[in-house]
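One letter stands for each residue in the lines below.
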Amino acid sequence: MPNKVKKTDKEWKAALTPEQYDVMRKCGTEQPFAGKYNDFWEKGVYICAGCGTPLFLSDAKYEHGTGWPSFAAPVEEKSLEYRDDYSLLSKRIEVRCSVCGAHLGHIFDDGPSPTFLHYCVNSAALDFKPEAQAKTAGRETAAIETATFAAGCFWGVEHKLGKVPGVVSTAVGYTGGKSVNPTYEEVCTDRTGHAEAVQVTFDPKRISYAELVRRFFEAHDPTQVDRQGPDHGTQYRSAIFFHGEAQREAARRVMDEVEKSGQYKKRLATELVPASAFYQAEEYHQKYYEKHGVVCY
């Protein structure tokens, strides 16, 4: 993630058009069906108009009918941040660029499968890079990859996977459900559909995704259904959230290996499902073992 972009209000006014300033810095909303990217379907990547951070791929864009550009998923979850918005007297979830803090729009849960998410974004907050430029940018950032796993209490899973050579960073959070920007307390009700999960950034030159999946299986008992040890509920399920077809195929091969190895008397309960929005957990959950010397297994 690039360094945070910070400017004074005067600098933002000078850098943005009046419409962009109203939307991105004052949380305004452009008129429906008026934005330049509402009915726009070229291949490429949509970036933040304030700092150039890649936000959404054209493949994730769809027609929702609301009059604003709609996306089912971001390029990377860490490029966005979320805030509760009560400006219309009812709770909405505001979406901002995590790098420069620009207001982008809001997120809802009435989108298409498999994410069921609807990122409703103002055109004024976006710029666009055509496909050729997007591929070039992708090659420049291809040195690291992302993997997402659920294997019970995320404190212990993060601690174990974080020690694997080739893992660059880890973050714990919630994924796999339909609730937008859930809290830990909400996930613990077992009604959000989310699992406690760990998102791993790794260097594929040092460790393959397949080997990382093997380490994931070593970190927990993958035959337990909706539980690990004393922790029970769907939020503690075993799951691999694959990012793309190559990860799905690699994970499936490793799962077949594990099944055929005979090391478990019962069949794997691990789900293999597409990655969806990953909501980073509260700060006190991050690197919990390192902070407290206590970990769940």
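In the block above lies the structure referred to throughout.
The structure displayed is predicted, hence computed values, not measured ones.

Student: An account of helix H4 (residues 154-162) is requested, with residue identities and associated values reported.
Tutor: Burial analysis of H4 places seven of its nine residues in the buried class, which makes it a mostly covered element. Among all positions of H4, only Phe154, Trp155, Gly156, Val157, Glu158, His159 and Leu161 are buried. Of the surrounding elements, those touching the buried residues of H4 are strand S10 (145-151), strand S11 (167-175), helix H5 (184-187), strand S12 (195-202), helix H6 (209-218) and helix H8 (288-292).

Student: Provide a residue-level description of the pairing of S12, including the pertinent values.
Tutor: Within S12, eight of the eight residues are buried, which leaves the element mostly enclosed by the surrounding structure. The sheet contact formed by S10 and S12 spans five bridges and is antiparallel. Among the inter-strand pairings, alanine 147 is bridged to a residue of S12, identified as valine 200. Bridging between S11 and S12 involves eight bridges; their strand directions are antiparallel. Opposite glycine 173, over in S12, you have alanine 197 as the bridge partner.

Student: Please provide a residue-by-residue account of the pattern of salt bridges, values included.
Tutor: If you walk through the whole model with that rule in mind, you get 14 salt bridges. With a shortest N-O distance of 3.3 Å, arginine 214 and glutamate 211 are connected by a salt bridge. You can see arginine 214 and its partner glutamate 211 sitting in helix H6, three residues apart, about one turn around the helix. In this structure arginine 214 comes out as partly exposed when scored by relative accessible area, which is 29%. Among the residues examined, glutamate 211 registers a relative accessible area of 27% and is labelled partly exposed.

Student: Outline the packing of aromatic side chains, supporting the account with residue identities and numerical values.
Tutor: Aromatic rings considered in pairs are described by the distance between their centres and by the relative angle of their planes. Taken as a whole and judged by the stated rule, the model has 17 aromatic pairs. Through pairs of rings, three or more aromatic residues link up here, namely Tyr37, Phe40, Tyr46, Phe56, Phe71, Tyr119 and Phe128. Residue placement shows lysine 7 over the ring face of tryptophan 12; its charged tip is 4.8 Å from the ring centre. Its end group placed over the ring of tryptophan 41, lysine 61 keeps NZ or CZ at 3.7 Å from the ring centre.

Student: Hey, could you go over the sheet that holds strand S9 (residues 126-130) for me, with residue numbers and the actual values?
Tutor: Strand pairs in the sheet, formed through backbone hydrogen bonds, run parallel or antiparallel to each other. What the three strands build is an open sheet, ordered S2-S1-S9; its pairing is antiparallel. Two strands lie at the open edges of the sheet, namely strand S2 (54-57) and S9, each paired on one side alone. Averaged over all adjacent pairs, the angle separating strand axes in this sheet is 30 degrees, with direction ignored. Two strands pair when backbone bridges link them, and strand S1 (residues 44-48) and S2 are joined in this way by three bridges, in the antiparallel orientation. Its bridge partner being in S2, isoleucine 47 is matched across the sheet by proline 54.

Student: If you had to explain the packing of H6 against helix H7 (residues 245-261) to someone new, which residues and values would you point to?
Tutor: Taken N-terminus to C-terminus, the directions of H6 and H7 make an angle of 45 degrees; their axes are 9 Å apart at the nearest point. By the angle class used here, H6 and H7 are oblique. For the element pair H6 and H7, the recorded crossing hand is right-handed. Packed against H6, whose contacting residues are Tyr209, Ala210, Val213, Arg214 and Phe217, the element H7 presents Gln247, Ala250, Ala251, Val254, Met255, Glu257 and Val258 at the interface. Looking at the contact of H6 with H7 residue by residue, the class counts come to nine nonpolar, one polar and two charged.

Cut-offs used in this document
Residues numbered from 1 in each chain as written. Predicted model: local features only at pLDDT ≥ 70, side-chain atom pairs only at ≥ 80, totals over all residues. Heavy atoms only, no water. Buried < 20%, exposed > 50% of the residue type's maximum accessible area, 1.4 Å probe, protein only. Helix = DSSP H or I, 4+ residues; strand = E, 2+ residues; numbered from the N terminus. Contact = heavy atoms within 4.5 Å. Pairing = 2+ DSSP bridges. Salt bridge = Lys/Arg side-chain N within 4 Å of Asp/Glu carboxyl O. Phe/Tyr/Trp six-rings, centres within 6.5 Å; stacked < 30°, edge-to-face > 60°. Lys NZ or Arg CZ within 6 Å of the ring centre and 35° of its normal. Axes fitted to C-alpha atoms, helices over the stretch in contact; angles between N-to-C directions. Parallel < 35°, antiparallel > 145°, perpendicular 65-115°, else oblique. Left-handed = near helix turned anticlockwise from the far one by under 90°. Nonpolar A, V, L, I, M, F, W, Y, C, P; charged D, E, K, R; others polar.

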